[in-house]
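Summary of structural features
Each chain is listed here by its residues.
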Amino acid sequence: MIYKFNSYQIDSNNFSIQNEGIAIEIEPRVFDLIVYLIEHQEKLVTRDELFKNVWQGRNVLDATLSNHIKTARSILGDDGQTQHTIKTIHGRGYQFVANLRETSLGDGEQNIKSKNNYKYFALIVLVIFSSLLAFIYINPDKGQTPKIAILPFTNSKPDPQSDYFSFAVADQIIGDLTYLQNITVRSSAQIRRYISSNIDPITAGKELGVDFILTGNYLKIDDQTRVNMELIEVSSNELIWRSEQIKFQDLSAFELQDIVAQRVIDKLKVEFSTSEIQRIKKDIPESPLAYEYYLRSLAYPYTTEGNNLAIQMLGKSQELDSQYAPTYVQLGDRIRRYRQFSLKTNLFQNLPFQKAEEYYLKALQINSDLLSALSYLAMFYTETNQIDKAIELAKKMLEINPKHANTHFTLGYIYRYVGMVDAAIDEMEKAVRSDPHNPKYRSLIGTYSGNSNFHKALKMTELYDTSPFTLGWKGLLNRRLGNSEKALEYFDQTIKLDKNGLWANVATVFKSYINGDTKTGLIAVEKLAEAAQNDGETLYYLSSYYGLLGDKVNCIMNLKKAIDAGYFNYSFMVTNSYFDSVRNESEFKKLLKLAQTKHLDFKEMYF
């Protein structure tokens, strides 16, 4: 059998491995290990299973297996940190996770098979979506908006050509549900971690804070696909609905789509508006590999390295399919984040900030109602002093789905920039209540802090995984609350975890301030200034750090830049103690007056 993935080709019959057509020397046991993981990629392979089948039951040390895994990763361009080819499930074993293509079939047969799989995928999504909505609307949740999580489906007969449907089906249903006003659905990024997980649905439901969990499995036999689904109520652990087994033939897939869609409209027209139906689009890419790259990008965290890796995955997805709108949304967001929050210099650092806008607009050209594109573009306009454009996009989001968490967060983000603090907190809190563990909404921590709600902000850091962001904020908030020793502990942890990243420099600023080492603190601020772009809020924070350390000239200069860039949160500026060193400066007073005027003008126009 010949296996292809990324730039590699493995011939298990001839015991050869090539990278971009160049043969690679490899130890026989390492080769056997790689092939065994590939042949069992549908499941987690335990260490004991590897000892039994690769080493034929010989008495081998754990370190030997670890070293062979390390060598295999090195040969395949992988490592223990990125794990894009061989994934470690700590305490359990390993799994081959690269997108794989077996080539025992001819190329023509392979292409036909891939196209047919998309027919399966499209109809699976439509049928599941129809059944789920029918149940929800026929059985309303006692007047409450139900919170639902769609877990990755299980492939009952693992097959490299259809295994990725597991997450793809869930991702597509989630995307469709975001257009509906009477359902709250957890984001794809949050359920991504449950792929290949044996976690109990109730446990997952409690982790995600939802009322219902939808699980399912699918089985493909010849030209027929069978789908089963279950809807479970988390609080009672009760199976409240199980679908009848859905069967359909490949050749009738696209014909059946219209029939099933019309059935949904007929059943749900009282509760489900025509405009909502029309906005549900099937963003299914032409290339399975393009979709796989897109899915992989979602899993990377919002860190410098995470954004870097995600951008690479999305670039590959775009090359394979130029008409898949969500790829452009993710590209724009990751580039915007990388340019704003990264101190490293590489290929992506040289991309113009406006490239993000180009990607968002491209996504909206493909799908004008794509909520994620509208949200990110609104944020981009907010950050580039185009508040009027941002407000117009937010209004469109409200028209599409006024109950969607991202709609409220986007409004809150805009309001924070212009100093409507109470409104910003209200909107952001709605988003967090609806989707409490979504890392996108964690900037409410900064909103609380700017409004001196330090205890609330500190409590909110517990909603998210440990990261430079959460550790850094814990340090900042403890310092604000007078717990300097605790703050120093968190700053040390941040510096150790983030090394020379943005948050490491922020932590160094405040650690130096606490220790009375102004010189070291200013060096760290200068590093932050080198990476600062035209985003007003970033410049505002930079200005406040200069103020804290007593550099009046740079404090005032960057505050002026922040206001000119569209950040005029007068409430934050007038109460921020970091500006105490310049409080009596005439230029600072002028800038404060300018921010107040801009804030009041916005308030008069929109409130």
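In case you missed it, the structure is sitting above this.
Residues numbered from 1 in each chain as written. Predicted model: local features only at pLDDT ≥ 70, side-chain atom pairs only at ≥ 80, totals over all residues. Heavy atoms only, no water.

What about the nonpolar core?
Counting 127 residues, the largest nonpolar core has Ile 150 and Phe 510 as the members making the most contacts within it. If one sorts the elements of this core by residue count, helix α14 (residues 371-383) sits on top with nine residues. Counting 29 residues, the second-largest nonpolar core is a separate cluster that includes Ile 17, Val 30, Phe 31 and Tyr 94. (Core = buried A, V, L, I, M, F, W, Y, C linked by side-chain atoms within 4.5 Å. Buried < 20%, exposed > 50% of the residue type's maximum accessible area, 1.4 Å probe, protein only. Helix = DSSP H or I, 4+ residues; strand = E, 2+ residues; numbered from the N terminus.)

Section: the pattern of salt bridges
Taken as a whole and judged by the stated rule, the model has 14 salt bridges. As a salt-bridge pair, Glu 537 and Arg 416 come within 2.9 Å of each other at their nearest N and O atoms. Of this pair, Glu 537 sits in helix α24 (residues 536-548) while Arg 416 sits in helix α16 (residues 405-418), and the two are 121 residues apart along the sequence. Taken individually, Glu 537 and Arg 416 each receive the classification buried, so the pair is uniform in this respect. (Salt bridge = Lys/Arg side-chain N within 4 Å of Asp/Glu carboxyl O.)

Examining the side chain of Ser 544
Examined against the element boundaries, Ser 544 turns out to sit in helix α24. When its relative accessible area of 1% is taken as the criterion, Ser 544 is described as buried. Those residues within four positions of Ser 544 in sequence are excluded, and the remaining contacts are Asn 576, Tyr 578 and Phe 579. (Contact = heavy atoms within 4.5 Å.)

Some remarks on the packing of aromatic side chains
Counting across every chain of the model gives 24 aromatic pairs. Directly above the aromatic system of Tyr 376 lies the positively charged group of Lys 440, at a separation of 4.1 Å from the ring centroid. Between the NZ or CZ atom of Arg 442 and the centre of the ring of Phe 469, over which it lies, the distance is 3.9 Å. (Phe/Tyr/Trp six-rings, centres within 6.5 Å; stacked < 30°, edge-to-face > 60°. Lys NZ or Arg CZ within 6 Å of the ring centre and 35° of its normal.)

A closer look at the sheet that holds strand β6 (residues 86-89)
Backbone-to-backbone hydrogen bonds pair the strands of a sheet. The strands run either parallel or antiparallel. What the three strands build is an open sheet, ordered β5-β7-β6; its pairing is antiparallel. At either end of the open sheet lies a strand with only one pairing partner, and these are β5 (45-46) and β6. Bridge count for β5 against strand β7 (residues 93-96) is two bridges, and the pairing is antiparallel. Bridge pairing in β7 places Thr 46 opposite Gly 93. Against the sheet, helix α1 (residues 28-39) touches β5, β6 and β7, its axis set at about 75 degrees to β7. (Pairing = 2+ DSSP bridges. Axes fitted to C-alpha atoms, helices over the stretch in contact; angles between N-to-C directions.)

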